[in-house]
Amino acid sequence: MFYRESGDFSTTYPEDSQTFPIRFDRYRYYVVLAVAFLVIPFIINDYWANAVFVPFLIYAIAAIGLNILTGYCGQVSLGTGAFMAVGAYSCYKLMTAFPEISIVIHVILSGGITAAVVTLFGLPSLRIKGFYLAVATLAAQFFLVWLFNKVGWFYNYSASGQISAPERSVFGIIVTGPNTEAWAKYLICLVFVTLCAIIARNLTRGSMGRRWMAIRDMDIAAEIIGVNPMGAKLTAFMVSGFFVGIAGALFFSVYLGAAEVGESFGIDKSFLVLFMIIIGGLGSIFGSFAGAAFMVLLPVFLKNVFVGGLGWPTDLAAHLQFIVSGGLIIMFLIMEPHGLAQLWRLAKEKLRLWPFPH
Amino acid sequence: MRLLTMATAAIMAASPVMADLVFPSLSYRTGPYAANGIPFADGYEDYFTLLNERDGGIGGVAARVIECETGYNTEKGVECYEATKGEGALVYQPLSTGITYQLIPKATADGIPVHSMGYGRTSAKNGAVFSNIFNYPANYWDGASHAVNHILDENGGDISGKKIALVYHNSAYGKEPIRTLTELSGKHGFELMEVAVDHPGQEQKSQWLQIRQQRPDYVLMWGWGVMNQVAIQEAANIRFPMDKFIGIWWSGSENDVLPAGDGADGYKALTFHNLGKDYPLFDDLQKYVVDAGKAAGAGDQVGTALYNRGMYAAMLAAEAAKTAQGIHGTAEITPAMMRDGMEALEITEAKMTELGLPGFGPEFSVSCENHGGNGLGAVAQWDAGAGEWNLITGYEASDQEVIGALVEEDSGAFAAENGITPSCS
């Protein structure tokens, strides 16, 4: 009734090729953006920013990055945590070496550095596939964590091996360090996430995305129709690394403020982001957001219900939370292997026919 | 789902701030560090329960402990901090060096004190720079110095040419003593060998093989959680002499030595408070808390090393709250008043006797210049036959000449990095 294509005519080519061709989708997108930019910054507090929104937005960027590599190009990576660490450590080195340059530029440069490193670790993908590639990226995970722990230069030889973000501002508004207002933290992440999502969405709709998907679906067939596998795979690694690096830089500078590579960027982080895209939906930008929301919000929500709402002991709640999240993940994988994005697609199909399904 | 979350948070935000003294307990009863996290959290909570049941709170105001599970994970720790600070939290004791590093800038900006008792950032001892961070009565660098002093005593004051290995948790926590040990190795002429163990430390075969090959004269350990048990077991397996194996106070609980059985006999660990339950306070604890069925957790940890430490932490917090009530003349103190109370805290033998804990810890006093107390510590040794820890030395001073300079240097660097002007006004 509300959600339909009929009567929605495109009269120009740009109109026909826009991101959201259906009017209802488009308005929904504008409303989400408006709420995110114009409403939430005014009502957000420290708890909501630090426990929910900032991690959600940052993980969404990381999930978009991994989704491009794994979901669109079909190259499995278990090194996301370490690649985020590359972003975080580059950002730290840049922040401390060039304090007068804007943090925004540092974050983008960190993305660039990470892109270079990830491309390097992506080189084996030209010869090995599937599980073997996953193992190669696993090696990257352990090697990079070891490197950042071992070489003092990366953490400026601080006694504890921790890196901590100095105070930096954008247009006079502090965005890193302890005196950051909740809304400033939220907004800087939101701006990055919006830009990243728009870039990713358009890349994946364009010729580059089509090449990635051709490689994912069948690399020999893709080669026969003229896709250069080296170019396609390495660009996927590069673009993915760029987003993951930005996520890592924001994760360290805006969200944590101080980080330690083994704990903040360990193997569990790689798995967390991988779960996000599997649950959210492989090969879908919306799925990256949905998966990040699911993995970030569910533990916080369960904790608040069990401990805050029901007053159960914290250890019981923590164990139950593992059981419930684990159970939900298995349930999702069995009932909807294509993730939350597929549920959303189905809901839209149903909405198109509603209220006359026959 | 998001709606539901918002609803829960709205309920949480709407509940009024009650007029009691809030002591958040960022505990961990799950994960690889739970074996050490549980007794500490139990001791911390039980002491406040005792105060509420026996004395009707602190200065007539009930103490409320809000427990929040961190799993020794910094991200969850930050979430716990944000979730509890709105309740009027008076002091944070995260029992994790990683979380402490996170909270140092945040809590300072929010004006809430942090007490990292025997952990955290060592240079927080300099209160002129770290206005809201306290680490009395002793810190890691004191610990490193105590261990070296103990080795000096055993060797008649000369350890030049000896080889000392440091087995450490490869994190901010484990790396903390390296600076001091490097400095001390130059001063006393011993050779320092660094052996890192990655989180969580369940696999240490290669590290102990290295120790077996290089035959250090002594092994020091900065371990936590499951890493302790594994290290002590591995040391027993390679027949490393246990009395040459010295752990920091976080590597000295019953849970760490019991798995190795008789093999752990003679293992030494540092401590900054006394052990066992032969104190009058434990009778009250039994009567008002344990027998009344109000003990935290399973209630089976009373009197263990880490339970005592949790209780000691709670006792110091309660005493600081009393001091703050005295200074500001009001029973319902704020975090800022609590900070003043902690800065003016003085623990004397008379006070400890009055509390039912005679000789439980060293005497010390806190001031703005010194947030770290006197840095006294003792060495305890495990007696596997009797199943108990025994203090084999008194509370001894650490090498303040070396540590003082390092504290000055490190806190100065922090102040310069963060634009803080050190002041004690």
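Position labels on residues start from 1 in each chain and follow its written sequence. Ligands are numbered from 1 and chains lettered from A, in the order in which they are written. It should be noted that, the model being predicted, local features are given only for residues of pLDDT at least 70 and side-chain atom pairs only at 80 or more, the latter also being counted only at that level, while totals for whole chains, interfaces and linings use all residues.

1. A look at the overall build of chain B
Right, so step 1: A run of DSSP states H or I qualifies as a helix once it reaches four residues; a run of E qualifies as a strand once it reaches two. Both are numbered from the N-terminal end. Across its full length, chain B holds 15 helices and 13 strands.
Right, so step 2: A compact globule built from 425 residues would reach a C-alpha radius of gyration of about 22 Å, and chain B, at 21 Å, matches this within 12%.
Right, so step 3: Once the C-alpha set of chain B is aligned to its principal axes, its extents read approximately 60 × 55 × 50 Å.
Right, so step 4: Burial analysis of chain B (425 residues in total) assigns 58% to the buried set.
Right, so step 5: Of the contacts made within chain B by residues no fewer than 6 positions apart, 70% connect residues no fewer than 24 positions apart. To get the radius of gyration, use the C-alpha atoms; to get the globule rule, take the number of residues to the power 0.38 and multiply by 2.2 Å. Each residue is classified by how many other C-beta atoms fall within 10 Å of its C-beta atom, where C-beta atoms are placed from the backbone; a count of 20 or more means buried, 12 or fewer means exposed, and values in between mean partly exposed. Throughout, a pair of residues is in contact if the C-beta atoms placed from their backbones lie within 7 Å.

2. What to know about the domain arrangement of chain B
Residue and element names in this part refer to chain B.
Right, so step 1: Where each domain begins and ends follows an automated or database-derived domain assignment. Under the domain assignment used here, chain B contains domain 1 (2-139 + 275-375 + 409-418) and domain 2 (140-274 + 378-404).
Right, so step 2: For domain 1 versus domain 2, the separation of C-alpha centres amounts to 27 Å.
Right, so step 3: Contacts between the two partners involve 27 residues from domain 1 and, on the opposite side, 28 residues from domain 2.
Right, so step 4: Across the side of domain 1 that touches domain 2, the residue classes break down as 14 nonpolar, twelve polar and one charged. Three categories are distinguished: nonpolar for Ala, Val, Leu, Ile, Met, Phe, Trp, Tyr, Cys and Pro, charged for Asp, Glu, Lys and Arg, and polar for the others, with Gly belonging to the last.

3. Considering the nonpolar core
Right, so step 1: Core analysis: the largest hydrophobic core is formed by 236 residues, its most contacted members being A:Ile58, A:Tyr59, A:Ile61, A:Ala85, A:Ala88, A:Phe243 and A:Leu250.
Right, so step 2: Two domains each provide a minimum of three residues to this core, namely domain 1 (2-139 + 275-375 + 409-418) and domain 2 (140-274 + 378-404) of chain B.
Right, so step 3: For A:Tyr59, the residues in contact, after removing those within four places along its chain, are A:Val273, A:Met276, A:Ala292, A:Met295 and A:Val296. Residues of type Ala, Val, Leu, Ile, Met, Phe, Trp, Tyr and Cys that are buried and joined through C-beta atoms within 7 Å form what is called a nonpolar core.

4. Concerning helix α4 (residues 80-97) of chain A
Residue pairs three or four apart in sequence face the same way in an α-helix, which turns once every 3.6 residues.
Right, so step 1: An ideal rise of 1.5 Å per residue puts 26 Å on 18 residues; α4(A) measures up with 25 Å between its terminal C-alpha atoms.
Right, so step 2: Most of α4(A) sits out of view: 15 of its 18 residues are buried. To estimate how far a helix should extend, the number of its residues minus one is multiplied by 1.5 Å.

5. Things to note about the environment of A:Ala197
All names here are of chain A.
Right, so step 1: Relative to the helices and strands, Ala197 resides in helix α7 (residues 182-205).
Right, so step 2: A tally of 18 C-beta atoms within 10 Å means that Ala197 is categorised as partly exposed.
Right, so step 3: Considering only alpha carbons, one finds Ala197 and Gly65, 132 residues apart in sequence, at a separation of 9.6 Å.
Right, so step 4: Setting aside chain neighbours within four positions, we find Ala197 in contact with Ile64 and Ile285.

6. Some remarks on the packing of α4(A) against helix α6 (residues 130-150) of chain A
Residue and element names in this part refer to chain A.
Right, so step 1: Viewed as axis vectors pointing N to C, α4 and α6 meet at an angle of 35°, and their least axial separation amounts to 8 Å. When you trace α4 past α6, the crossing you get is left-handed. Where α4 abuts α6, its residues Gly81, Ala82, Ala85, Val86 and Tyr89 lie against Ala140, Gln141, Leu144, Val145 and Phe148.
Right, so step 2: Tallied by class, the residues present in the contact of α4 with α6 amount to eight nonpolar, two polar and no charged. Fitted lines through C-alpha atoms give the axes, limited to the stretch in contact for helices. The angle between two N-to-C directions lies from 0 to 180 degrees. Handedness of each helix crossing follows the sense of rotation of the near helix against the far helix: counterclockwise by less than a right angle gives left-handed, clockwise gives right-handed.

7. Quick look at the interface of chain B and chain A
It is common to give the size of an interface as the accessible area that goes away when the parts come together.
Right, so step 1: Opposite the 38 residues of chain B that make contact, chain A presents 33 residues.
Right, so step 2: Listed by contribution, the elements that provide at least two residues to the side of chain B that touches chain A are α1 (2-14), β2 (63-69), α3 (74-85), α4 (97-110), α6 (172-175) and α15 (400-418) of chain B.
Right, so step 3: In terms of residues, the side of chain B that touches chain A owes the most to one element, α4(B), which gives seven residues.
Right, so step 4: By residue class, the composition of the side of chain B that touches chain A is eleven nonpolar, 14 polar and 13 charged.

8. Quick look at helix α12 (residues 305-328) of chain B
All names here are of chain B.
Right, so step 1: When the terminal C-alpha atoms of α12 are compared, their 35 Å separation across 24 residues agrees well with the 34 Å that a helix rising 1.5 Å per residue should span.
Right, so step 2: Here α12 lies mainly inside the structure; 19 of its 24 residues are buried.
Right, so step 3: One or two steps after α12, the chain reaches Gly329, where phi turns positive at roughly 65°.

9. Some details on the confidence of the model for chain B
Residues and elements named next belong to chain B.
Right, so step 1: Within chain B, residue pLDDT values average 89, and 96% of them lie at 70 or more.
Right, so step 2: Segment residues 7-18: pLDDT under 50, and eleven contacts once partners within four positions in sequence are set aside and those in other chains are kept.
Right, so step 3: Scoring the predicted complex yields pTM 0.89 and, for the interface, ipTM 0.84. For every residue, the predictor reports its confidence as pLDDT, a number between 0 and 100.

10. Here we look at the packing of helix α12 (residues 267-280) of chain A against helix α13 (residues 285-309) of chain A
Residue and element names in this part refer to chain A.
Right, so step 1: It is at 7 Å that the axes of α12 and α13 come closest, and there the two elements cross at 120°. For the element pair α12 / α13, the angle class is oblique. Here α12 runs over α13; the crossing is right-handed. Along the contact surface, α12 presents Leu272, Phe275, Met276, Ile277, Ile279 and Gly280, while α13 presents Gly287, Ser288, Ala290, Gly291, Ala292, Phe294 and Met295.
Right, so step 2: Residue classes in the contact of α12 with α13 are distributed as nine nonpolar, four polar and no charged. Small angles under 35 degrees read as roughly parallel and large ones over 145 as roughly antiparallel, with 65 to 115 read as roughly perpendicular and the rest as oblique.

11. Regarding the pairing of strand β9 (residues 268-271) of chain B
All names here are of chain B.
Right, so step 1: Neither face of β9 is left uncovered, since the one carrying Lys268 and Leu270 and the one carrying Ala269 and Thr271 both have all their residues buried.
Right, so step 2: Pairing of strand β8 (residues 245-247) with β9, which is carried by two bridges, proceeds in the parallel orientation. Note that in β9 the partner of Gly247 across the bridge is Ala269.
Right, so step 3: Here the rule is simple: two strands pair whenever DSSP picks up at least two bridges between them. The pairing of β9 with strand β12 (residues 378-383) spans four bridges and is classified as antiparallel. For Lys268, the partnering residue across the bridge sits in β12 and is Gln381.

12. Some words on the sheet that holds β8(B)
Residue and element names in this part refer to chain B.
Right, so step 1: The mixed open sheet is built from seven strands, whose spatial order is β6-β5-β7-β8-β9-β12-β13. Strands at the two margins of the open sheet, each flanked by one partner only, are β6 (191-197) and β13 (388-391). Neighbour to neighbour, the strand axes of the sheet diverge by 25° on average, direction disregarded.
Right, so step 2: Two strands pair when backbone bridges link them, and strand β5 (residues 163-169) and strand β7 (residues 218-222) are joined in this way by five bridges, in the parallel orientation. Within β7, the position partnered with Val167 by the bridge is Met221.

13. Comments concerning the environment of A:Met208
Residue and element names in this part refer to chain A.
Right, so step 1: Turning to its location among the elements, Met208 is positioned in helix α8 (residues 207-217).
Right, so step 2: Given 19 C-beta atoms within 10 Å, Met208 falls into the partly exposed group.
Right, so step 3: Counting along the chain gives 124 residues from Met208 to Phe332, while the straight-line C-alpha distance between them is 30 Å.
Right, so step 4: When sequence neighbours within four positions are dropped, the list of residues in contact with Met208 reads Leu203 and Thr235.

14. Here we look at the confidence of the model for chain A
Right, so step 1: When pLDDT is averaged along chain A, the result is 90; 99% of the residues meet or exceed 70.
Right, so step 2: Per-element confidence in chain A is highest for helix α5 (residues 103-122) of chain A, whose mean pLDDT is 95, and lowest for helix α1 (residues 13-16) of chain A, whose mean pLDDT is 84.

15. Focus on the environment of A:Ala49
Residues and elements named next belong to chain A.
Right, so step 1: For Ala49, the location among the structural elements is in helix α3 (residues 46-72).
Right, so step 2: C-beta crowding within 10 Å serves as the criterion here: with 26 such atoms nearby, Ala49 is assigned to the buried category.
Right, so step 3: Spatially, the C-alpha atom of Ala49 lies 9.5 Å from that of Ala184, the residues being 135 residues apart in sequence.
Right, so step 4: Those residues in contact with Ala49, other than ones at most four positions away along the chain, are Ile44, Val54, Ala182, Lys185 and Tyr186.

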